[in-house]
Amino acid sequence: MKPRASTGAFALAVFLASLSAYHVTIRTLTLADGRKVDVDMIAPGQQVRLPLPAGDIMPTQVSFQWLDDYGTPRGQDATVGG
C-alpha cells in the first residue's frame, strides 16, 4: 500500500493505492491521533480516496491493517506522501 495526500477544494483525503496483483482487504486505517478512517477492499492496481473528518489536518503518518490470503491480520506504518 502506498498512502498519499490530497488537499482538494472540498476536503482533505488520503489515497491508498494497491501495488498488488490481488485484491487487498484493509481492516483499519488509523491516523496519528488514533482516529480510524473507514476502508474496505482495494482492487489490483487501483486506489481509493479516504476523506478525512471535517476540520482535520493532513496526517504525516498512518497505520493500517490488512488481511493476507489466509485471513491473518498484518499491520504496517506508513508515511503519507504528497
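Computed from a predicted structure; not experimentally measured. (Residues numbered from 1 in each chain as written. Predicted model: local features only at pLDDT ≥ 70, side-chain atom pairs only at ≥ 80, totals over all residues. Heavy atoms only, no water.)

(A) Layout of the overall build of the protein. Secondary structure assignment for the protein yields zero helices and eight strands. Walking the protein from its N terminus toward its C terminus, one meets helices and strands in the order β-β-β-β-β-β-β-β. The burial tally for the protein puts 32% of its 82 residues in the buried class. Residue pairs at least 24 apart in sequence account for 47% of intrachain contacts in the protein once pairs closer than 6 positions are excluded. A total accessible area of about 5200 Å² is found for the protein, and carbon and sulfur atoms account for 53% of it. (Helix = DSSP H or I, 4+ residues; strand = E, 2+ residues; numbered from the N terminus. Buried < 20%, exposed > 50% of the residue type's maximum accessible area, 1.4 Å probe, protein only. Contact = heavy atoms within 4.5 Å. Areas by Shrake-Rupley, 256 points an atom, 1.4 Å probe, with all protein chains shown as cover.)

(B) Main features of the pattern of salt bridges. Under the counting rule described, the total for this entry stands at two salt bridges. A salt bridge links Arg-35 to Asp-33; the shortest N-O distance between them is 2.9 Å. A salt bridge links Asp-68 to Arg-74, with the shortest nitrogen-to-oxygen separation between them at 3.0 Å. (Salt bridge = Lys/Arg side-chain N within 4 Å of Asp/Glu carboxyl O.)

(C) Inspection of the confidence of the model for the protein at higher detail. On average, the protein scores 80 in pLDDT, and the residues at 70 or more come to 85%. Across the protein, the secondary-structure element scoring lowest on mean pLDDT is strand S1 (residues 2-7), at 54, and the one scoring highest is strand S8 (residues 73-79), at 89. (pLDDT = per-residue confidence, 0-100.)

(D) Representation of the side chain of Thr-30 in the model. The residue Thr-30 is located in strand S3 (residues 24-31) in this model. Since its relative accessible area comes to 15%, Thr-30 is described here as buried. Here the side chain of Thr-30 touches Lys-36 through a polar contact of 3.2 Å, side chain to side chain. (Polar contact = N/O pair within 3.5 Å; in protein donor to acceptor, adjacent residues only side chain to side chain.)

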